[in-house]
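Observations on the model geometry
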Amino acid sequence: MTAQPAIELRGITKTFGHVVANDNVNLEVNRGEILSILGENGSGKTTLMNMISGIYFPDHGSIFIDGQEVVIRSPKDAYRYRIGMVHQHFKLVDVFSAAENIALGLEDGEKFNLKKCAQRAQAISEQYGFEIDLGKKIYEMSVSEKQTVEIIKVLYRGADILILDEPTAVLTPQETQKLFAVLRRMRDDGKAIIIITHKLHEVLSLSDRVSVLCKGKYVGTVKTSETNENQLTEMMVGKKVTLNIGRSEPKDPQDRLVIKGLNCFNRAGVQILHDVSFSARSGEILGIAGIAGSGQRELLEAIAGLQHPASGEILYHNPKTGAIDNLRNKTPLQIRELGVRLSFVPEDRLGMGLVGNMDIVDNMMLRSYRKGKTAFLSRKQPKDLAESIIRQLEVVTPNASTPVRQLSGGNVQKVLVGREISSSPTVLMAAYPVRGLDINSSYIIYNLLNQQKERGVAVIFVGEDLDVLLELCDRILVIGSGYITGIVDARTTTKEEIGLLMTKAVSHETKGSEKGETDEKQ
Amino acid sequence: MKNNKATAHEPLFHIAKRDAVVWWKAWLIRLLALLAALIFAGVVTFFLTKENPLQIYATMFDGALGTARRRWSLGQNLAMLLCISLAVTPAFKMRFWNIGAEGQVLAGGLATTACMILLGDKLPSSVLLLVMVVTSILAGAIWALIPAFFKAHWNTNETLFTLMMNYIIMQLVSFFAYIWSVPKGSGQIGVINRSTQAGWLPKIGGQSYLLNIIIVAILTILMYIYLKYSKHGYEISVVGESENTARYIGINVKKVILRTLFLSGAVCGVAGLLLVAGTDHTITRDTAGGRGFTAILVSWLAKFNPLFMVVTSFLIVFLQKGATQISTKFGLNDSFSDIITGIIIFFIIGSEFFIQYTLKFRSFKKEANA
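Residues numbered from 1 in each chain as written. Chains lettered and ligands numbered in written order. Predicted model: local features only at pLDDT ≥ 70, side-chain atom pairs only at ≥ 80, totals over all residues. Heavy atoms only, no water.

**Considering the overall build of chain A**
So the rule is basically this: Under the scheme used here, helices are H or I runs from DSSP no shorter than 4 residues and strands are E runs no shorter than 2 residues, and both carry numbers assigned from the N terminus. Just to be clear, the radius of gyration here is over C-alpha atoms, and the globule rule we use is 2.2 Å times residues to the power 0.38. Exposed residues in this analysis have more than 50% of their type's maximum accessible area, buried residues have under 20%, and partly exposed residues fall in between, with area computed by a 1.4 Å probe over protein chains only. Any two residues whose heavy atoms approach within 4.5 Å are treated as being in contact. Residue exposure ignores everything except the shown protein chains as possible cover, and the areas themselves are Shrake-Rupley values with a 1.4 Å probe. Charged-residue counts in this description rest on Lys and Arg as positive and Asp and Glu as negative, His and the chain ends being excluded. By convention, the charge on Lys lies at NZ, on Arg at CZ, on Asp at CG and on Glu at CD.
On a plain count of helices and strands, chain A comes out with 17 helices and 20 strands. Computed over C-alpha atoms, the radius of gyration of chain A comes to 25 Å, within 12% of the 24 Å expected from 2.2 N^0.38 for 522 residues, which places it in the range of a compact globule. Taking the principal axes of its C-alpha atoms as reference, chain A extends roughly 75 × 60 × 45 Å. Considering chain A as a whole, with its 522 residues, one finds that 54% of them fall into the buried category. Sequence separation of at least 24 residues holds for 66% of the intrachain contacts in chain A that already meet a minimum separation of 6. Of the roughly 22,700 Å² of accessible surface on chain A, 49% is carried by carbon and sulfur atoms. Across chain A, the centroid of the 64 positively charged side chains sits 5 Å from that of the 64 negatively charged ones.

Written out as structure tokens, the structure is:
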């Protein structure tokens, strides 16, 4: 079985309704090789992998394992062919320990013996150099530890074809390096590894070959050693793009939003924000960097009036009246009634910013439906707004009365950002506004943020891609475990510095809990 | 891995999601489902009873629409079912699973009864009617507001809560039926104010059911406008779709929950008033007759659109009336009509699956190659 590819796909096609998710895709992976699957969001990468792991069934095409045609009807079949997939969203039971999760649902005909399972898992873990405590409960684990558990789980089931769906999306640069080292060790052990990603530099540093998908179509496969970022981008997008974000000098920045000593607890009584202080200035983009779930969401929601901080001040400097208002513990409605023009593009677009089942017009109305004294709605203005946003931001939609759920991720975001900008805000907060967007849509959003900045809006941008944060923002605030670990100048700092600040919080927190939080942040 | 090969072949068919289906196609699928249901029910009938299925369907029509009296009765039943369906709809649109309509109707009916018995000979009839309207609406609304209050403040489970409220009001009805029973101790109220007719809703054009039908027709249109064109209706939709979005745009979710359930219960109270003062002129535990639950089906089938609910409640009432007639005419057990109704509703609900999904069969061409 030397020349045979471990897994080969021929002519795989999958449609959902009229959407062709995969169109005649061919792919092969050899043993002892890492293959990257590169493509923009919505290009069909995950769909393709889901067919290999038995979640979807292809409409056409065939799959070969070691040269033999196979039919994979369910995840169980996939395991039988030694295929294991690590999903983007972990599928673990929170209250179980790592070892219990690994043993869960395994049918090997043997009597259940957790000790033996744990030993075998430990052996696997040591073989590939994972750092993990298998007795630890999942809910006590960091994202990167959970991911490790998922990987050990599929290895434990004997997988030698491994699929990882965007494994680095939730990791810090340092954790990513660790993961890559493990993956390389597995490759050297003769496993076939497929990694889905849309981050170019990862592709180049990790994989042996790259297969590119574009809009569901298979574009081609190239050797990593013989390609570069520009060529890959071109393959991915289908045309040449320039990857530059403009950045102008802030004009006359003035404090618009001043946060002082904000402390915030979640429902379970866990402190999410610790003594957070910073200021957002007009005509400036303030970036917020941090590992996902470090308190970014709570911070923005507290400013927007959706969280109730335990203490601290959120001071808004009104540019018109010069008045200073404290927004803490005001409802979103009260904030608006104060004349604060605060726009917020939340992380959860369809679950918070928009209503998926409503059409574009009704979604425009969310902010403005209260206007007018009558008890009835007026859909005239929202309709005009919807149509102008569709025109100006090139939203791809059949018409303005299409439910937003049916739009693609990028178009959903254009609708949301368009609505939030339309109220001519003085503060614009955007949480992960380009997550899941293709390159073109991302640049449209960056441009919109830049335009707002030039109009003198104080823009707060929570991002995950450090490269983008460095290019787009004026200052970057780094948050870790709810502490602010640093505010740096985006023009002079480096990715490594931010990466270090992101992880600094973790040690800070453990130190803090030991010493009773005596040490002050810098 | 070789031995797997025999077992692992492509499944006979797999399920794939459809695009949004054009409206006429969706209705064609529903119509086909109805036809299939009728054929299937016919076959079942034939094998169980050896009666001619066509005759059975003819009997069904006859039972529902055969005489003027039956048509009026159908109209009355349709109006009452529709009224209660209208009542549950705003709550359902808000994803508040109010399965306590049965109890809210009884609460309204009990309030009406109390007014008729206690105030029947004390107040002039116009004032009495006004008092009855207000108290029945308030009673229904309060019965819905209690679970809504707990839901809004402590996020209790509204399904269980509203269900249990049904049992409480049923016992209350039994209790008062005993207190007010005629003759004393029989546990039955009998026709209230038979001689004076105090508190009876007026007849229009000599038809005792016409007023109910007109009131419900007006309610249907009002509810349609309320849900679709009013700011309140918009807030209900937003809260129902996503509470987070509602909070994000500054809707007071608690207030909307309470306001909507007040409305839901109030319309149930009206239904209770119409049932007690309009048609029955008495109250028992069965006055609502399970309509509080059937209304859930009507509302869902119509996708919460009050105008479609006219169609769906007609369908349900028609089936009930027709099936009852079959049982009587052919001397069949009562359960037989339930079987037929069940089959038809099963097919209609099942058709929604085929509107959402399509089956893709294994291609036999490929099979030949293998």
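Next comes the rest of the account.
**Quick word on the overall build of chain B**
Counting its secondary structure elements, chain B contains 14 helices and two strands. Taken along its principal axes, the extent of the C-alpha atoms in chain B is 90 × 60 × 40 Å. Looking at the 370 residues of chain B, the share that counts as buried comes to 48%. Taking the intrachain contacts of chain B between residues at least 6 apart in sequence as the baseline, contacts between residues at least 24 apart amount to 77%. Counting every atom, chain B has about 18,100 Å² of accessible surface; 68% of that belongs to carbon and sulfur. A distance of 5 Å separates the average location of the 32 positive side-chain charges in chain B from that of its 16 negative side-chain charges.

**Section: the domain arrangement of chain A**
Residue and element names in this part refer to chain A. Rules: Domain start and stop positions are those given by an automatic or database domain assignment. Salt bridges are identified by distance alone: a Lys or Arg side-chain nitrogen within 4 Å of an Asp or Glu carboxyl oxygen. Contacts described as polar in this section are N or O atom pairs within 3.5 Å, which, within protein, must combine one atom able to donate a hydrogen with one able to accept it, while residues neighboring in sequence count only if both atoms come from side chains.
As far as domains go, chain A holds domain 1 (7–237) and domain 2 (255–341 + 424–515). Contacts between the two partners involve eleven residues from domain 1 and, on the opposite side, 14 residues from domain 2. Our count for the contact surface shared by domain 1 and domain 2 stands at zero salt bridges. Our enumeration of links across domain 1 and domain 2 arrives at zero residue pairs in polar contact (both at pLDDT 80 or more).

**Quick look at the layout of surface pockets**
Residue and element names in this part refer to chain A. As a reminder, the rule being used: Cavities and pockets were defined on a 1 Å grid built over protein atoms only: a cavity is a set of grid points that admits a 1.4 Å probe from which the probe cannot escape, a pocket is an open set flanked by protein on both sides within 12 Å along at least five of seven lines, and lining residues are those with an atom within 4 Å of any such point. Grid points are joined across faces, edges and corners, and a volume is the space filled by probe spheres set on the points. Residues were grouped as follows: Ala, Val, Leu, Ile, Met, Phe, Trp, Tyr, Cys and Pro as nonpolar; Asp, Glu, Lys and Arg as charged; and all remaining residues, including Gly, as polar.
In this structure, the second largest pocket encloses a volume near 700 Å³. Lining the second largest pocket are 32 residues, and of these Arg336, Arg367, Ser368, Lys371 and Ser423 lie nearest its centre. Taken together, the elements giving at least two residues each to the lining of the second largest pocket come down to helix H10 (332–337), strand E16 (342–345), helix H12 (360–368), helix H13 (380–392) and helix H14 (409–422). Looking at the lining of the second largest pocket residue by residue, the class counts come to 15 nonpolar, nine polar and eight charged.

**Some details on the pattern of salt bridges**
Residues and elements named next belong to chain A. The tally for this structure, following the rule as stated, stands at 35 salt bridges over all chains. Residue Arg10 pairs with Glu8 through a salt bridge whose shortest N-O separation is 3.2 Å. Here Lys453 makes a salt bridge to Asp474, at a shortest N to O gap of 3.2 Å. In this pair, Lys453 sits in helix H15 (residues 439–454) while Asp474 sits in the loop between helix H16 (466–472) and strand E19 (475–480), placing the two residues 21 residues apart along the sequence. As far as the burial class goes, Lys453 and Asp474 line up, both buried. Each of the salt bridges in this network shares a partner with another, and the network as a whole consists of Arg31, Asp66, Arg82 and Asp160.

**Some words on the packing of aromatic side chains**
Let me state the cut-off plainly: Only rings of Phe, Tyr and Trp enter the pairing, Trp through its six-membered ring, and a pair is recorded when the two centres are within 6.5 Å. The plane angle decides the type: under 30 degrees is stacked, over 60 is edge-to-face, the rest tilted. Cation placement over rings: the criterion is NZ of Lys or CZ of Arg within 6 Å of the ring centroid and within 35° of the ring normal.
Applying the stated criterion across every chain, the model contains 21 aromatic pairs over all chains. For the ring pair Phe149 of chain B and Phe150 of chain B, a centre distance of 5.9 Å and an interplane angle of 85° mean the geometry is edge-to-face. A relative accessible area of 36% places Phe149 of chain B in the partly exposed class. By relative accessible area, Phe150 of chain B is classed as partly exposed at 31%. Judged by centre distance (5.7 Å) and plane angle (75°), the rings of Phe149 of chain B and Trp154 of chain B are edge-to-face. Judged by its relative accessible area of 55%, Trp154 of chain B falls in the exposed class. Here a set of aromatic residues connected by ring pairs shows up, and it is made of Phe92, Trp97, Trp300 and Phe304 of chain B. Above the ring of Tyr156 of chain A, the side-chain terminus of Arg120 of chain A is found at 4.3 Å from the ring centroid. Above the plane of the ring of Tyr79 of chain A lies Arg157 of chain A, whose end atom (NZ or CZ) is 5.2 Å from the centre.

**Considering the nonpolar core**
Residue and element names in this part refer to chain A. Which entries qualify depends on this criterion: Among buried residues, those of type Ala, Val, Leu, Ile, Met, Phe, Trp, Tyr and Cys that are joined through side-chain atoms within 4.5 Å constitute a nonpolar core.
Ranked by internal contacts, the top residues of the largest apolar core, which has 195 residues, are Leu257 and Ile476. Per-domain counts for this core show at least three residues from each of domain 1 (7–237) and domain 2 (255–341 + 424–515). In this view, Leu257 contacts Phe278, Ser279, Ala280, Ile303, Ile314, Leu315, Tyr316, Leu327, Val427 and Ile460; residues no more than four positions away in its chain are not counted.

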